[in-house]
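# Architecture and fold: a report
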Amino acid sequence: MRKTCIDMVHELAKQDDRVVFVGSDLGVGTLDEMRWELPDRFFMEGVSEANMIGMCAGLATEGHIVYTNTIATFIVRRAYEQVCLDVGHADLPVRFICNGGGLVYAPLGPTHEAIDDFALMRAIPNMTIFAAADAEEMREFMPQSLDWPHPVYIRLAKGHDPIVTQGLPPFEIGKARPLVEGTDALIITTGITLRIARPALDELRAEGLDVGLLHLPTVKPLDRDAILSRASKNRAVVVVEEHSVIGGLGSAVASLLLEELVSPPSFRMIGIPDQFPDIYGSQADQLARFEITSERVATEVRSLLRRAAA
Amino acid sequence: MISSARARNASLQQMTQAALKGEIVPSGLEQGPLDQRSKELRKQCVRCLLGGSRGHVGSTFSLIEILRVLYDDVLKYDPANPSWEERDRFILSKGHGCIALYVLLAEKGFFPDAELDKFCHPDGILGGHPDHVKVPGIEASTGSLGHGLSIGIGRALAGRVRRADWRVFVTLGDGECNEGSIWEGALAAGNHGLENLTVIIDNNKRQSYGSTDEVLDLEPFADKWRAFGFGVHEVDGHDTDALRDAFARLPYEKDRPSALICHTVKGKGIPEAEGNNKWHHIRAIDEAKAQAMIDAIEAY
């Protein structure tokens, strides 16, 4: 997914001379071909994210479409004010390509685990938030990112993630992607949780439950109509995300349902509880630790439907 | 000529030392009196202060001559077309000094000067920190310190990409140089050799709490900028002839960004305000206080 994204920056730069790339001390060899082919539009800055984001804002103010890349936490936490004011307030076309969304950097601990990125970015007016499920979804997103008139936070997954977007309608920024429609329960996913939810969906439907799945690669702006129209037809809604239960997609959906007085009798957020990750291991280990799993999704749906029937 | 430069340097050093000791710098002792244009600009600032009943007096008044010379003699711009491609880009990174900039922009015709009376009003465009979304001629929204230099670097790089002739000027406060992001930016500007970028420092030697050496010592300040890859020049920031000369010499070194350290007096033009931290930000400015300020400026 990251390779697809980064390689496509070069492709877009070849097509459109507004495109520039700004990295922050990335891995050796990153975008070397672009560096040699388009040296004027390739910038590799030091370990100085605050300056890098301000610089991106300056480039974007002058008409460039800026793709910038570093580790997610350094964008959303360390350089938050630059992201918020220099880019967000100015509503500039900067695309923040952020490595290690969620629990990808589990071996490195809480300093590098972006468990709050949706929450922080959602709070910035004008910001668009995109979390791809796989490289195919990223491939569909990138050309659309070129002329999207707002800043975009792009959450990258681990890399080499399996392709799980088969059967979804074409991607469009800001639009939900329904996989299956149902009338008993609605599962909502974003990013790699589509991969986690699909086996649960198959299992539940095999049990005779009419369960639907709505995938939201765009966390903000939220596709309100897609959610409301489906939630109102179901008895339960389960949101599953690789993010804190505070401020992420689950919070966004919960607020929406409450504001609109759509009343599925049961609602559940599956995500990271209000704590810092406390073990190392792999992303999979962390997901298991916080029970962001297919088994949990299936269990929650069954439980909610039982409660709704009682 | 040489002796004149030496005398000026000695004068600057003396003034710096006085300010660093926390002494209130006697007005007009180290630097000449203000001419009528400088007084009139300050009086327009008072109009703005009265409009909002508040404002950063000290930081505004230390900036006046720097901005006056920039907008009178240095910058290329078109008030009728603020986004004119060939214009020079001026970013006031020390956004709390914005009243001085508003006054110059209004005078040059970027917006009606009646806006000055609506400073900080809900129906006005001029806030306590400048907003480029609202105000013609403002190139970047600043006020949170430490942002403008990096934005200026991005714009200077964009100018280099398109081989443009326009230049980028970023004005920092000395207190603002406490921010780590300034030094990240200084590293980057030096690294990129941005000859089209000039950093102007309003070095009034005071910040909100006290003198800069007491709060967080910046010295040796000029050497720091040199070490980060800048060509550096120092000037009396209230001497308009010296400022014109300093801007005319840009860039100070080939293939390097320039830093112009302007030695100024915080609150310059109102004796009571000069070097007086109680005048960093003033509230409850009424007609009587405003008139007293105008009288002090006129008598300066």
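Everything below is about the structure shown above.
Residues numbered from 1 in each chain as written. Chains lettered and ligands numbered in written order. Predicted model: local features only at pLDDT ≥ 70, side-chain atom pairs only at ≥ 80, totals over all residues. Heavy atoms only, no water.

Each helix and strand counted, chain B has 11 helices and five strands in total. Within chain B, buried positions represent 59% of all 300 residues. Across chain B, contacts joining residues at least 24 apart in sequence account for 76% of those joining residues at least 6 apart. For chain B, the computed accessible surface area is about 11600 Å², with 50% contributed by carbon and sulfur atoms. (Helix = DSSP H or I, 4+ residues; strand = E, 2+ residues; numbered from the N terminus. Buried < 20%, exposed > 50% of the residue type's maximum accessible area, 1.4 Å probe, protein only. Contact = heavy atoms within 4.5 Å. Areas by Shrake-Rupley, 256 points an atom, 1.4 Å probe, with all protein chains shown as cover.)

Turning to the overall build of chain A, a few remarks are in order. Check the secondary structure of chain A and you find 12 helices and 12 strands. Whereas a compact globule of 310 residues would reach a radius of gyration of roughly 19 Å, chain A reaches 19 Å, a difference of no more than 12%. In terms of overall dimensions, chain A has a C-alpha envelope of 65 × 40 × 30 Å along the principal axes. Relative to its 310 residues, chain A shows a buried fraction of 61%. A separation of at least 24 residues holds for 77% of the contacts in chain A among residues at least 6 apart in sequence. Accessible area of chain A: about 11400 Å², with a carbon and sulfur share of 53%. (Rg over C-alpha atoms; globule rule 2.2 N^0.38 Å.)

Residue and element names in this part refer to chain B. The alternating pattern of strand E1 (residues 89–92) places Arg89 and Ile91 on one face and Phe90 and Leu92 on the opposite face, and all of these are buried. With four bridges joining them, E1 and strand E2 (residues 168–173) adopt parallel strand pairing. Bridged to leucine 92 within E2 is threonine 171. (Pairing = 2+ DSSP bridges.)

With that settled, consider helix H8 (residues 193–206) of chain A. Residue and element names in this part refer to chain A. Here H8 contains 14 residues, and its C-alpha end-to-end distance of 20 Å stays within 8% of the 20 Å for a straight helix at 1.5 Å per residue. Taken together, the buried positions of H8 are occupied by Thr193, Leu194, Ile196, Ala197, Ala200, Leu201 and Leu204. For H8, the arc enclosing every buried residue in end-on projection is 145°, short of the 170-degree limit, so these residues lie on one face. Residues of H8 that are exposed and point over 90 degrees away from its buried face: Asp202 and Ala206. Summarising the contacts, the buried residues of H8 are in contact with strand E7 (177–180), strand E8 (185–189), strand E9 (211–215), strand E11 (236–244), helix H11 (283–289) and helix H12 (294–309). The positive-phi residue at the C-terminal boundary of H8 is glycine 208, with phi of around 95°. (Expected span 1.5 Å × (residues − 1). Arc of directions from axis to C-beta.)

Residues and elements named next belong to chain A. Among the residues of helix H7 (residues 135–145), Ala135, Glu137, Met138, Phe141, Met142 and Ser145 are the ones counted as buried. Burial along H7 is one-sided: seen end-on, the buried residues are contained in an arc of 140°. Among the residues of H7, the N-terminal cap falls to aspartate 134, whose side-chain oxygen and the backbone nitrogen of glutamate 136 are separated by 3.1 Å. (Polar contact = N/O pair within 3.5 Å; in protein donor to acceptor, adjacent residues only side chain to side chain.)

With that settled, the discussion passes to the interface of chain B and chain A. Each partner contributes residues to the interface: chain B has 24 residues there, and chain A has 22 residues. Between chain B and chain A, the buried area comes to about 1800 Å², and carbon and sulfur atoms account for 55% of it. Among the residues of chain B in contact with chain A, B:His147, B:Val161 and B:Glu184 are the three that bury the most area, contributing 29% of the side total. In this structure, the connection of chain B to chain A is made through four salt bridges. As a salt-bridge pair, A:Glu62 and B:Arg89 come within 2.8 Å of each other at their nearest N and O atoms. Where chain B touches chain A, the interface holds 12 residue pairs in polar contact (both at pLDDT 80 or more). Among the elements of the structure, helix H6 (148–161) and helix H7 (180–192) of chain B are those that each provide at least two residues to the side of chain B that touches chain A. At eight residues, the largest contribution of residues to the side of chain B that touches chain A is made by H6(B). Grouping the amino acids of the side of chain B that touches chain A by side-chain chemistry returns eight nonpolar, 10 polar and six charged. (Buried area = accessible area lost by both parts, 1.4 Å probe. Salt bridge = Lys/Arg side-chain N within 4 Å of Asp/Glu carboxyl O. Nonpolar A, V, L, I, M, F, W, Y, C, P; charged D, E, K, R; others polar.)

Turning to the sheet that holds strand E3 (residues 65–71) of chain A, a few remarks are in order. Residue and element names in this part refer to chain A. In spatial order, the strands read E2-E1-E3-E4-E6-E5-E10; together these seven strands make up an open sheet with mixed pairing. Of all the strands in the sheet, the pair left with one neighbour each is strand E2 (42–45) and strand E10 (218–220). Here the average twist between neighbouring strands, direction ignored, is 20°. Pairing of strand E4 (residues 94–99) with strand E6 (residues 152–155) involves four bridges; the strand directions are parallel. Within E6, the residue paired with phenylalanine 96 across the bridge is tyrosine 153. Lying on the sheet, H7 is in contact with E3, E4, strand E5 (128–131) and E6; it crosses E5 at an angle near 155°. (Axes fitted to C-alpha atoms, helices over the stretch in contact; angles between N-to-C directions.)

On to the nonpolar core. The biggest cluster of nonpolar side chains holds 78 residues, and the ones touching the most others in it are A:Phe96, A:Ile188 and B:Trp225. Counting 59 residues, the second-largest nonpolar core is a separate cluster that includes A:Met8, A:Leu12, A:Leu156 and A:Ala197. (Core = buried A, V, L, I, M, F, W, Y, C linked by side-chain atoms within 4.5 Å.)

Below, the discussion takes up the sheet that holds strand E3 (residues 197–203) of chain B. All names here are of chain B. Read across the sheet, five strands follow the order E1-E2-E3-E5-E4 without closing on themselves; strand pairing throughout is parallel. Each edge of the open sheet is held by one strand with a lone partner, namely E1 and strand E4 (231–236). The average undirected angle you get between the axes of adjacent strands in this sheet is 20°. Bridge count for E3 against strand E5 (residues 258–263) is six bridges, and the pairing is parallel. Among the inter-strand pairings, asparagine 203 is bridged to a residue of E5, identified as histidine 263. Along the sheet, H6 contacts E1, E2 and E3; its crossing angle with E2, the most-contacted strand, is approximately 170°.

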